[in-house]
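Spelled out from the first residue to the last, the chains are:
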Amino acid sequence: MGEDPLPGFGTRAVHSGGGHETPAGDFRPSVFPIYAASAFYYPTQADLDAVFAGEKPGFVYTRNANPTVAALERAVADLEGGSAAVAFGSGMAAVHAALLALELGPGDRLLVARDLYGATRDLLLTFFAPMGVGVRFADLTDLENAEGLLAADRPKGLFFEAVTNPVLRVLDVPALTGLGHKYGAKVVVDATFTTPYLYRPLAAGVDLVVHSATKYLAGHGDVMGGVVVTGPDLEPALRTTLRLVGSVLGPFEAWLILRGIRTLHLRLERHCTNAARVADWLATHPKISRVYYPGRSDHPDHAVARKLFGSHFGGMVAFELKNGTRDRTMRFIDGLRLCRPAPTLGDIFTEVLYPPISSHRYLGPEERKRLGITDGLVRMSVGIEDPEDIIADLEQALANA
Ligand SMILES: Cc1ncc(COP(=O)(O)O)c(C=O)c1O
């Protein structure tokens, strides 16, 4: 007899890690409760000893594990198709833990995509490079280039974002994973922009999938968190980092993220259709010189995006103002009334960011230019409002820019 087929993604988003998994009693809460306790105790010391030893299920101390955080971990593992997920206090803490799980030491090498979230790049250069890890940044959209570097360096790890920030390059996750493994590297993918609704990197063989849960997973702009999803081999290393570094997610934050996940599929559906519509409208505007959206056929990675995502291309759009000087672009952003000029993404409301003064502020002008970050570039996380209202806001701000 075959196995029961998995319920659909939406059903799992609504139910995974949910109330039916709370302890049995005369009644059960309809949603998983917040266990706001730093420690848990048992009738006898022998019971406690057995839980500490892992011989009996349970929780002892929230820095090690907490029931509400564990419910979130179950939900994310289920949606990603991983056997384990470990939650952290922020996306950066999750990136850090995933890198530590590679057990990098002096002389080891790491191959990293050149287009990378600024803080991840800083983390590598501030902590890992001085430790003697050879960190090489490269253009991984060029698979030949990637293979050449993997063959030459034999790095211990390959790290990239499935969709990059801010010009939304789409990396060929299955091809890069195959190459990484061929040359002995463990593969880490930051899937914050895509979420398991768009794409599940573990199915392509990726070893560690990282999310800033602050973004789409939580989705409401009210919480910070991070999650790493993996298989059984690397879970212990992640748990050790949690326990020893202490970069834990609080139970209330876990509950909020879990609550956000319940509507992930609905939100993402709307983010995607709104973003496609906004991108197409921007492309027709005389004051816009370029639009970056992986769903458009003029995007350099449209074919890879189609292969990976099918018919949904995410909620992120970037665009360039014609003759977009710094002053003019900042004036345009200041003129927006509905879209929020917030340095984040993935929330229900539309958010606009100016990379040269925020996410990519610390790069020199030359490096920014190399990454396609001009003074006229604007990054937009398209929300789930009525698309006509987002477009009307852009129109009035462009009229005055
Ligand atoms: C792709 C990506 N990864 C990681 C992070 C870090 O997440 P957090 O801000 O939750 O620490 C961010 C934050 O913007 C991000 O965009």
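Position labels on residues start from 1 in each chain and follow its written sequence. A pLDDT threshold of at least 70 governs which residues receive local features in this predicted model, and a stricter bar of 80 or more applies before side-chain atom pairs are shown or counted, although totals over entire chains, interfaces and linings include all residues. For side-chain calculations, the full set of non-hydrogen atoms in the structure is used, while hydrogens and water are omitted.

A.B. asks: Before we go on, may I ask you to explain the packing of aromatic side chains in this structure?
C.D. replies: Any aromatic ring pair is given by two values, namely how distant the centres are and how the planes are angled relative to each other. A pair of aromatic rings is counted whenever rings of Phe, Tyr or Trp (Trp by its six-membered ring) have centres within 6.5 Å, and the orientation is called stacked for planes under 30 degrees apart, edge-to-face for over 60 and tilted otherwise. If you walk through the whole model with that rule in mind, you get six aromatic pairs. Where F32 meets Y35, the ring centres are 5.9 Å apart and the plane angle is 45 degrees; that geometry is what we call tilted. Residue burial is assigned from relative accessible area. The probe radius is 1.4 Å, only protein chains are included, and a residue is buried under 20% of its type maximum, exposed over 50%, and partly exposed in between. The class of F32 is buried, set by a relative accessible area of 5%. Ring geometry for F40 and F59: centres 6.1 Å apart, planes at 55 degrees, overall tilted. In this pair, F40 sits in the loop between α1 (9–15) and α2 (45–52) while F59 sits in the loop between α2 and α3 (67–80), placing the two residues 19 residues apart along the sequence. A relative accessible area of 17% places F40 in the buried class. Given the relative accessible area of 24%, F59 is considered partly exposed. A ring is considered to have a charge above it if a Lys NZ or an Arg CZ atom is located within 6 Å of its centre and within 35 degrees of its normal. The cationic tip of R340 hangs over the ring face of F349; the distance from NZ or CZ to the ring centre is 3.9 Å. Here a strand is any run of E in DSSP of at least two residues, a helix any run of H or I of at least four, and the numbering for each starts at the N terminus.

A.B. asks: Explain a nonpolar patch on the surface to me, please; I cannot follow it from the model alone.
C.D. replies: A cluster of nonpolar side chains, L100, L244 and V245, forms an exposed patch at the surface whose accessible area comes to about 270 Å². Tracing the backbone through its elements, the reader meets V245 in helix α9 (residues 235–245). A residue is classified by how much of its surface remains accessible, and V245, at 49% relative accessible area, is partly exposed. A patch consists of residues whose relative accessible area exceeds 30% and which take part in no salt bridge; residues with like charges are grouped when within 9 Å of each other, and nonpolar side chains (Val, Leu, Ile, Met, Phe, Trp, Tyr) when within 5 Å. The Shrake-Rupley method, run with a 1.4 Å probe, gives the accessible areas here. Residue values count only the displayed protein chains as cover. We define a salt bridge as a contact between a side-chain nitrogen of Lys or Arg and a carboxyl oxygen of Asp or Glu at a distance within 4 Å.

A.B. asks: Is there a simple way to explain the pattern of salt bridges in this structure?
C.D. replies: Charged atoms that come close allow side chains of opposite charge to pair. Summed over all chains, the structure comprises 16 salt bridges. A salt bridge links R109 to D153; its shortest N-O distance comes to 3.4 Å. With R109 in strand β2 (residues 109–113) and D153 in helix α6 (residues 143–153), this residue pair connects regions lying 44 residues apart in the sequence. On the accessibility criterion, R109 (37% relative accessible area) is partly exposed. For R296, the salt bridge goes to D280, with nearest N and O atoms at 2.7 Å. Of this pair, R296 sits in the loop between β8 (288–292) and α12 (302–309) while D280 sits in helix α11 (residues 264–283), placing them 16 residues apart in sequence. One connected set of salt bridges, linked through shared partners, spans E73, E235 and R239.

A.B. asks: Looking at this model, I keep getting lost on the sheet that holds strand β5 (residues 186–190). Mind explaining?
C.D. replies: Backbone hydrogen bonds hold the strands of a sheet together, and the pairing may be parallel or antiparallel. A sheet is described by the order of its strands in space; here seven strands give the open sequence β1-β7-β6-β5-β4-β2-β3, paired in mixed fashion. One side of each edge strand has no neighbouring strand; the edge strands of this open sheet are β1 (84–88) and β3 (134–138). Here the average twist between neighbouring strands, direction ignored, is 20 degrees. The pairing of β2 with strand β4 (residues 157–161) spans three bridges and is parallel. Looking at the pairing, L110 lines up with G157 of β4. Only heavy atoms enter the contact rule, under which two residues are in contact if any of them lie within 4.5 Å. The convention used is that axes are lines fitted to C-alpha atoms, helices contributing only their stretch in contact, and that angles between N-to-C directions extend from 0 to 180 degrees. Running at roughly 150 degrees to β3, helix α5 (residues 118–128) makes contact with β2, β3 and β4 of the sheet. Helix-sheet contacts for α9 involve β1, β6 (208–212) and β7 (226–230), and the interaxial angle to β1 is about 20 degrees. In this scheme, strands are said to pair when DSSP sees at least two bridges between them.

A.B. asks: Would you mind going over the site of the ligand with me for this structure?
C.D. replies: If a single non-hydrogen atom of a residue is within 4 Å of a molecule or strand, that residue counts as near it. Residues in close proximity to the ligand total 13 residues, the closest being G91, M92, D190, S212 and T214. The side chain of S212 places a nitrogen or oxygen atom 2.8 Å from an oxygen atom of the ligand. Considering the ligand on its own, with 390 Å² of exposed area, one finds that the protein chains cover 92% of that surface. Because more than half of its atoms lie within 2 Å of the grid, the ligand is assigned to the largest pocket. The residue makeup of the shell around the ligand, split by class, is five nonpolar, six polar and two charged. The definition of a polar contact used here is a pair of N or O atoms within 3.5 Å, where within protein one atom must be able to donate a hydrogen and the other to accept one, and adjacent residues in sequence count solely through side-chain atom pairs. Using protein atoms alone on a 1 Å grid, points that fit a 1.4 Å probe yet trap it form a cavity, whereas open point sets bounded by protein on both sides within 12 Å along at least five of seven lines form a pocket; residues with an atom within 4 Å of a point count as lining. For this analysis, a molecule is said to be in a pocket or cavity if more than half of its atoms are within 2 Å of the grid points defining it. Residue type decides the class: Asp, Glu, Lys and Arg count as charged, Ala, Val, Leu, Ile, Met, Phe, Trp, Tyr, Cys and Pro as nonpolar, and the leftover types, Gly among them, as polar.

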